[in-house]
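Listed below, chain by chain, are the residues.
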Amino acid sequence: MKDNFNLQQFLHAPSDSDYLDQLITAIHDACSTGREHALAEQLQHFEDQREQDIERLCNSNHQEFVSSVNQLLNVRKGTVDLTDEILKLNESIQTSTQKVVEHKKALVDSREVRQNIDEATRALKLCLEVLRLANRVEELLKAKKHYAALRTLDELQNVHLKEVVQFEVAEMIQKSVPAMQGMVKEAVMTDLNSWLYRIREGSQLLGQVAFDQTELRRRRQKERVEKSPYLRLFKLNSAIELVLDEREEFDVLDNEDIKIAFDPLFECLHIHEALGERDEFRLTYADTRRQQKELLLPATLTLTDQDISTLNHLLESIAGFAILEKATMKKTRNFRSSLDVDDLWDSMCKKAIGIIEPALKAITVADTLLKVKNVLALFIQTMDSWGYSVEAFDNFLLVLFGEYSKLLKKEFCRDFKEIMTNEDFGPMPINTPEDYDNVVNVSWFKDPIQDREYPTVLPFSQMYPLTCIDIRNFLNKYYFFSDEYFQHQNAIDEELKASLDELLCKEVCHCLVERLHSNNLGQLVQILINLEQFEYACHELERLLVDARQSNQGGSISLKATELFKNEKKTAEKRIFELVNSKIDELVETSDYNWMGTKPREEPSEYLRQMTLFLNNIMGSALLALPEDIKGLIYFDALSHIATSIIALPMSESVKKINKVAVQDLDTDVTYLQKFVKRLGEPALLQVFEELGQTVDLLQNDNPDEFYDIGTRMKKYANVNPLTGPVLLEKLMAGEAEKDKVPAPASRGLAARFR
């Protein structure tokens with residue numbers, strides 16, 4: 001504002017009120033700006049100018065001047081009064097203005113303070129919110145709400161700290177954020193490790209639950225097969241079985257026996273994803289699971305014939321561990337790759353097999369090894385249902401089957417030796433039809449007698465049905481191995497045939513043949529009968545193996561044992577012939593022929609009577625159980641041997657001469673033997689004495705030259721040995737010559753023709 005006030009404006013105001021309003025305004029402005037003296041000076045100056053104007057006017061117009069002076073005095077008085085009023089008003093205005101200024105200044109000051117307070121309050125609230133969130137992170141960690149803690153920390157860092165970035169507390173908390181993130185990660189990893197420990201400890205229980213569920217599926221499948229036999233073609237874990245069983249819902253991870261929640265893993269995975277450390281966590285988790293796998297598998301395993309529980313525990317733990325791996329892979333995305341899980345599974349299988357295989361050496365009972373197989377089969381089927389490759393354990397089952405086969409053979413050999421130890425080599429007595437049925441049902445026996453009367457006797461000895469029982473058990477135990485699960489059916493068929501052949505040949509047949517050295521004729525006969533029964537059993541076993549064959553191979557099956565028993569029957573027959581012939585030789589050695597006797601005997605030789613008595617006795621006792629054809633062979637061989645032995649008597653080098661009396665005694669014995677044979681009712685046996693009879697006839701003939709006539713000899717003496725006949729004729733000639741004291745050169749000449 002200028003120092004000159006527009007006095008003309010308010011001095012010439014149209015009315016007093018306007019004058020006063022404008023004057024008050026001017027005074028207020030002057031007071032407000034501190035120029036009230038300037039206003040007073042201007043008013044004084046205006047007054048002086050007006051006085052001069054008045055004086056000038058008065059000089060020219062005195063009267064008027066006087067009037068004007070009077071008016072002016074009045075005006076001055078009014079002005080003075082007005083000035084006083086103005087001064088008073090000014091003082092009042094000054095006083096009021098000062099108060100206003102003070103109030104305004106106080107107001108401005110209070111507004112600044114309030115603004116500062118508001119800003120401080122707002123900053124404090126922001127800082128308190130930051131501190132609250134920082135404390136909230138710790139509280140959430142204590143409450144194990146790790147993801148909420150991480151979200152709070154993220155909110156603190158990305159939102160609230162930016163609002164208080166100008167304060168030192170923001171810098172301090174910002175620096176502590178990585179540490180707090182580390183606390184969250186450490187806390188969640190602690191929970192995860194606790195969870196991993198719990199699931200490792202619970203792996204065995206999980207595996208046991210999975211095994212039980214597989215066993216229930218087996219039972220349900222068996223029930224379905226009983227109702228619909230064609231379902232036998234579909235094994236456990238086949239597509240058909242899975243479809244039929246899908247109505248039975250069961251979660252091995254969440255049931256009344258065990259509950260496994262994956263929340264700690266999910267939370268840990270989520271937090272590491274939020275921290276951008278998913279790959280690092282995935283590698284850490286994989287390494288931890290590998291370490292747990294090593295802790296899961298022991299260095300060694302102890303198995304005994306009485307207890308294989310350690311194997312159950314091992315396989316249950318492996319199954320539980322592997323099931324958790326598959327479940328983890330299914331419940332997470334791109335966390336556990338199938339390659340990692342399969343590698344872990346393959347390494348577990350390899351190590352488990354390496355632990356189990358040496359432990360099997362302690363098992364000496366086949367039934368225990370079968371239990372081992374059943375546990376392994378349950379394990380394989382369970383893991384197959386979870387999509388794991390079971391090829392390694394399939395191949396291991398083949399190794400286990402080899403050991404099982406060895407134990408079965410050992411047990412068979414042990415049992416067979418015990419049977420042979422108690423064997424009496426006598427026909428088996430049967431007292432009742434029930435006993436007969438019990439024996440026949442376990443033996444391969446075709447009874448030639450339709451209606452037996454009891455008590456009775458079966459041709460074989462007790463070792464035959466006992467061995468048949470062992471053979472049947474042996475066969476059944478082989479096929480027990482394929483029950484439920486076994487992928488190598490060809491191996492069972494081939495190994496069973498080879499093992500059965502081996503046992504029948506090297507144990508049963510060999511053991512019987514070894515006893516053929518016995519001189520007990522009854523024992524030899526029983527061995528022969530048993531050999532024949534085993535030959536028949538082998539034929540039946542061949543058919544049985546074809547029917548029981550589980551592989552798709554066709555064709556018949558031939559056992560080497562069949563031919564071996566057949567051949568060894570001949571060995572047994574030969575041994576019986578030898579023993580009978582040896583007795584015959586002993587009796588022949590007791591013969592007391594007087595080759596130069598003077599009086600013929602009226603009775604047959606004693607040794608022949610003893611010989612026929614011997615034959616009757618053995619045929620009625622020791623050889624009674626033999627088949628008729630074998631009896632006939634024994635008779636034939638024995639009588640042939642008798643005939644040959646009788647001819648050999650005069651052919652002995654110690655016999656130089658014989659006479660007609662001795663020939664007559666021989667004829668008496670031949671006639672006795674022929675009568676004996678006729679009583680046997682076997683006309684064919686008479687031919688064994690044709691050579692002996694014709695030889696005796698030749699020696700009794702008064703014209704021995706007929707023998708040297710080919711035509712006559714073929715008619716009368718065709719069975720006479722062309723070398724034996726001349727020798728005996730020569731000895732006869734010598735004996736007769738000595739009797740008549742006449743030399744016999746001619747006869748020597750005749751015999752010489754055949755030498």
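About the thresholds
- Sequence order as written defines residue numbering, which begins from 1 separately in each chain.
- In keeping with the model being predicted, local features are shown solely for residues with a pLDDT of at least 70 and side-chain atom pairs are shown and tallied solely at 80 or more, while totals for entire chains, interfaces and linings include all residues.
- Side-chain metrics in this entry use all non-hydrogen atoms of the structure; hydrogen atoms and water are not considered.
- By the criteria applied, helices consist of DSSP H or I runs no shorter than four residues and strands consist of E runs no shorter than two, each listed in order from the N terminus.
- The classification of residues rests on relative accessible area computed with a 1.4 Å probe and restricted to protein chains. Under 20% of the type maximum is buried, over 50% is exposed, and intermediate values are partly exposed.
- For the area figures, the Shrake-Rupley method with a 1.4 Å probe applies, and any residue is considered shielded solely by the protein chains shown.
- Among buried residues, those of type Ala, Val, Leu, Ile, Met, Phe, Trp, Tyr and Cys that are joined through side-chain atoms within 4.5 Å constitute a nonpolar core.
- Contacts are assigned to residue pairs that have any heavy atoms within 4.5 Å of one another.
- A pair is scored as a salt bridge if a Lys or Arg side-chain nitrogen falls within 4 Å of a carboxyl oxygen belonging to Asp or Glu.
- Lines fitted to the C-alpha atoms define the axes, with helices restricted to the stretch that makes contact. Angles between their N-to-C directions range from 0 to 180 degrees.
- Roughly parallel means an angle under 35 degrees; roughly antiparallel means over 145; roughly perpendicular covers 65 to 115; every other angle is labelled oblique.
- Classification convention: Asp, Glu, Lys, Arg as charged; Ala, Val, Leu, Ile, Met, Phe, Trp, Tyr, Cys, Pro as nonpolar; all other residues, Gly among them, as polar.
- Think of it this way: a Phe, Tyr or Trp ring, Trp meaning its six-membered ring, pairs with another when their centres are within 6.5 Å, and the plane angle makes it stacked under 30 degrees, edge-to-face over 60, tilted otherwise.
- Cation placement over rings: the criterion is NZ of Lys or CZ of Arg within 6 Å of the ring centroid and within 35° of the ring normal.
- Only residues whose relative accessible area exceeds 30% and that form no salt bridge enter a patch; like-charged residues are grouped when within 9 Å of one another, and nonpolar side chains (Val, Leu, Ile, Met, Phe, Trp, Tyr) when within 5 Å.
- If you view the pair so one helix is near and one far, a crossing is left-handed when the near helix is turned anticlockwise from the far one by less than a right angle, and right-handed when it is turned clockwise.
- To estimate how far a helix should reach, multiply one less than its number of residues by 1.5 Å.
- How sure the predictor is of each residue is captured by pLDDT, a score from 0 to 100.

**Some remarks on the overall build of the protein**
- The helix and strand inventory of the protein stands at 26 helices and 2 strands.
- The burial tally for the protein puts 44% of its 755 residues in the buried class.
- By element, 51% of the accessible surface of the protein is carried by carbon and sulfur atoms, the whole surface being about 41500 Å².

**Things to note about the nonpolar core**
- With 175 residues, the main nonpolar core has Ile356, Phe379, Phe393, Leu504, Val580 and Leu615 as its most contacted residues.
- Counting residues per element, this core draws most heavily on helix 14 (residues 391-421), at 13 residues.
- Here Leu504 is in contact with Ile471, Cys509, Cys538, Leu541, Leu559, Ala561 and Phe565, once residues within four sequence places are set aside.
- If you look at the next biggest cluster of nonpolar residues, it comprises 8 residues, including Leu23, Ile27, Cys31 and Leu39.

**Remarks on the pattern of salt bridges**
- All told, the structure shown has 21 salt bridges when counted by the stated rule.
- Note that Arg543 is salt-bridged to Glu540, the shortest N-O span being 2.0 Å. In this pair, Arg543 and Glu540 are both assigned in helix 18 (residues 521-548), 3 residues apart and thus about one turn of the helix distant.
- Each member of the salt-bridge network shares a partner with another, and the members are Arg289, Glu325 and Arg336.

**A few points about the packing of helix 17 (residues 489-514) against helix 18**
- Orientation of helix 17 relative to helix 18, taken along the N-to-C sense of each, is 175°, at an axis distance of 11 Å. As far as their axial angle goes, helix 18 and helix 17 are roughly antiparallel. Judged by residue contacts, Leu496, Leu500, Leu504, Val508, Cys509 and Leu512 of helix 17 engage Ile527, Asn530, Leu531, Phe534, Cys538, Leu541 and Leu545 from helix 18.
- Looking at the contact of helix 17 with helix 18 residue by residue, the classes come out as 12 nonpolar, 1 polar and no charged.

**Notes on the environment of Val188**
- Inspection of the secondary structure puts Val188 in helix 6 (residues 168-201).
- Along the primary structure Val188 and Cys268 are separated by 80 residues, whereas in three dimensions their C-alpha atoms are 5.6 Å apart.

**Thoughts on the packing of aromatic side chains**
- Counting across every chain of the model gives 22 aromatic pairs.
- Residues Phe534 and Phe565 carry aromatic rings whose centres are separated by 5.5 Å and whose planes lie at 15° to one another, so their mutual orientation is stacked. Taken together, the positions of Phe534 in helix 18 and Phe565 in helix 19 (residues 560-589) put the pair 31 residues apart, joining distant regions of the chain. For the pair Phe534 and Phe565, a shared accessibility class is recorded, and that class is buried.
- When the ring centre of Tyr388 is taken as origin, the NZ or CZ atom of Lys326, which lies over that ring, is 4.9 Å away.
- Seen from the ring of Trp444, Arg472 lies directly overhead, with NZ or CZ sitting 4.2 Å from the centre.

**Regarding a nonpolar patch on the surface**
- On the surface, a cluster of nonpolar side chains totalling about 220 Å² of accessible area is made up of Leu20, Ile24 and Leu89.
- Structurally, Ile24 can be placed in helix 2 (residues 16-32).
- By relative accessible area, Ile24 is classed as partly exposed at 39%.

**Points about the side chain of Asn581**
- By the secondary structure assignment, Asn581 is in helix 19.
- In this view, Asn581 contacts Asp637, Ala638 and His641; residues no more than four positions away in its chain are not counted.

**Focus on the packing of helix 17 against helix 19**
- Relative orientation of the contacting elements helix 17 and helix 19 amounts to 15°, with a least axis distance of 9 Å. On the basis of the axis angle, helix 17 is roughly parallel to helix 19. Here helix 17 runs over helix 19; the crossing is right-handed. Side by side, helix 17 and helix 19 meet where Asp501, Leu504, Cys505, Val508, Cys509 and Val513 of the first sit next to Lys560, Ala561, Leu564, Phe565 and Glu568 of the second.
- Among the residues making up the contact of helix 17 with helix 19, the classes are represented as 8 nonpolar, no polar and 3 charged.

**Details of the side chain of Glu411**
- Within the secondary structure, Glu411 is located in helix 14.
- Once residues lying within four places of it in the same chain are set aside, the contact partners of Glu411 are Thr364, Val365, Ala366, Asp367 and Lys477.

**Observations regarding unusual backbone geometry**
- Note the cis peptide between Tyr454 and Pro455, where omega equals 0°.
- With respect to the secondary-structure elements, Pro455 resides in the loop between helix 15 (433-442) and strand 2 (456-458).
- Not every positive phi belongs to a glycine, and Phe425 is a case in point at roughly 50°.
- Within the secondary structure, Phe425 is located in the loop between helix 14 and strand 1 (428-430).
- Given a relative accessible area of 10%, Phe425 falls into the buried group.

**Observations regarding helix 13 (residues 366-385)**
- Over its 20 residues, helix 13 extends 28 Å from the first C-alpha to the last, a length consistent with the 28 Å expected when each residue adds 1.5 Å.
- The buried count for helix 13 comes to 15 of 20 residues, which makes it a mostly enclosed element.
- Just downstream of helix 13, Gly387 is the residue with a positive phi angle, here 85°.

**Things to note about the environment of Pro455**
- On the basis of relative accessibility, which here comes to 63%, the residue Pro455 falls in the exposed class.
- Between the C-alpha atoms of Pro455 and Asp435, which are 20 residues apart in sequence, the distance is 10.0 Å.
- Once you skip the residues sitting within four places of it in the chain, Pro455 turns out to touch Ile430 and Asn431.

**With respect to the confidence of the model for the protein**
- Residues with a pLDDT of 70 or more make up 83% of the protein, whose mean pLDDT is 81.
- No element of the protein has a lower mean pLDDT than helix 26 (residues 745-752), which averages 42, and none a higher one than helix 12 (residues 338-359), which averages 91.
- Segment residues 742-755: pLDDT under 50, and 18 contacts once partners within four positions in sequence are set aside and those in other chains are kept.

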